[in-house]
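The chain contents come next:
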Amino acid sequence: QAILALGEKGEAGAVEELIAALNDPDDGVRLAAVVALGKLGDPRAVEPLIEKLEGDDYFYVRKKAAYTLYTFLRRGGLDEGLRQKIRARWRSWYLT
């Protein structure tokens, strides 16, 4: 609940806390952190979300990371380098 609240508030300082929560041992905490980062839409979350997409042990964290990265693309506002990284990683994950 507290993790999701950070995403709801939209505070810039919450991004670092949420990125740190992506490494929590609890699957539910990591999943909530991915959801909250998606709500914030901060580009600093792209690289850590790609890491979760490619390597998290919990399928639903990977799946939600893929969806969140897709929403980043749809939302716009990212530089072309990040957009290309997302596209490349998202496609490779989606096709496996």
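Residues numbered from 1 in each chain as written. Predicted model: local features only at pLDDT ≥ 70, side-chain atom pairs only at ≥ 80, totals over all residues. Heavy atoms only, no water.

Draft legend 1. Region of the structure containing the packing of aromatic side chains. According to the stated counting rule, one finds 2 aromatic pairs in the structure shown. Arranged with centres 5.7 Å apart and planes meeting at 65°, the rings of Tyr58 and Tyr60 form a pair that is edge-to-face. Judged by its relative accessible area of 28%, Tyr58 is partly exposed. Tyr60 sits in the partly exposed class, given a relative accessible area of 47%. Ring centres of Phe59 and Tyr60 lie 5.3 Å apart, and the angle between their planes is 75°; this geometry places the pair in the edge-to-face category. Using a relative accessible area of 39% as the deciding quantity, one classes Phe59 as partly exposed. An aromatic cluster is built from Tyr58, Phe59 and Tyr60, whose rings are joined through pairwise contacts. (Phe/Tyr/Trp six-rings, centres within 6.5 Å; stacked < 30°, edge-to-face > 60°. Buried < 20%, exposed > 50% of the residue type's maximum accessible area, 1.4 Å probe, protein only.)

Draft legend 2. Highlighting the pattern of salt bridges. Scanning all chains against the criterion turns up 9 salt bridges. The salt bridge partner of Asp56 is Lys52, with a shortest N-O separation of 3.2 Å. Taking the relative accessible area as the measure of exposure, Lys52 reaches 12% and is therefore buried. Salt bridges linked by common partners bring Asp27, Arg30, Lys52 and Asp56 together as one network. (Salt bridge = Lys/Arg side-chain N within 4 Å of Asp/Glu carboxyl O.)

Draft legend 3. The arrangement of the packing of helix α3 (residues 27–40) against helix α5 (residues 59–75) in detail. In contact at an axis separation of 9 Å, α3 and α5 are set at 5° when each is read in the N-to-C sense. As the angle between them shows, α3 and α5 are arranged roughly parallel. Where α3 abuts α5, its residues Asp27, Arg30, Leu31, Val34, Val35, Leu37, Gly38 and Leu40 lie against Tyr60, Val61, Lys64, Ala65, Thr68, Phe72 and Arg75. Tallied by class, the residues present in the contact of α3 with α5 amount to 9 nonpolar, 2 polar and 4 charged. (Axes fitted to C-alpha atoms, helices over the stretch in contact; angles between N-to-C directions. Helix = DSSP H or I, 4+ residues; strand = E, 2+ residues; numbered from the N terminus. Parallel < 35°, antiparallel > 145°, perpendicular 65-115°, else oblique. Contact = heavy atoms within 4.5 Å. Nonpolar A, V, L, I, M, F, W, Y, C, P; charged D, E, K, R; others polar.)

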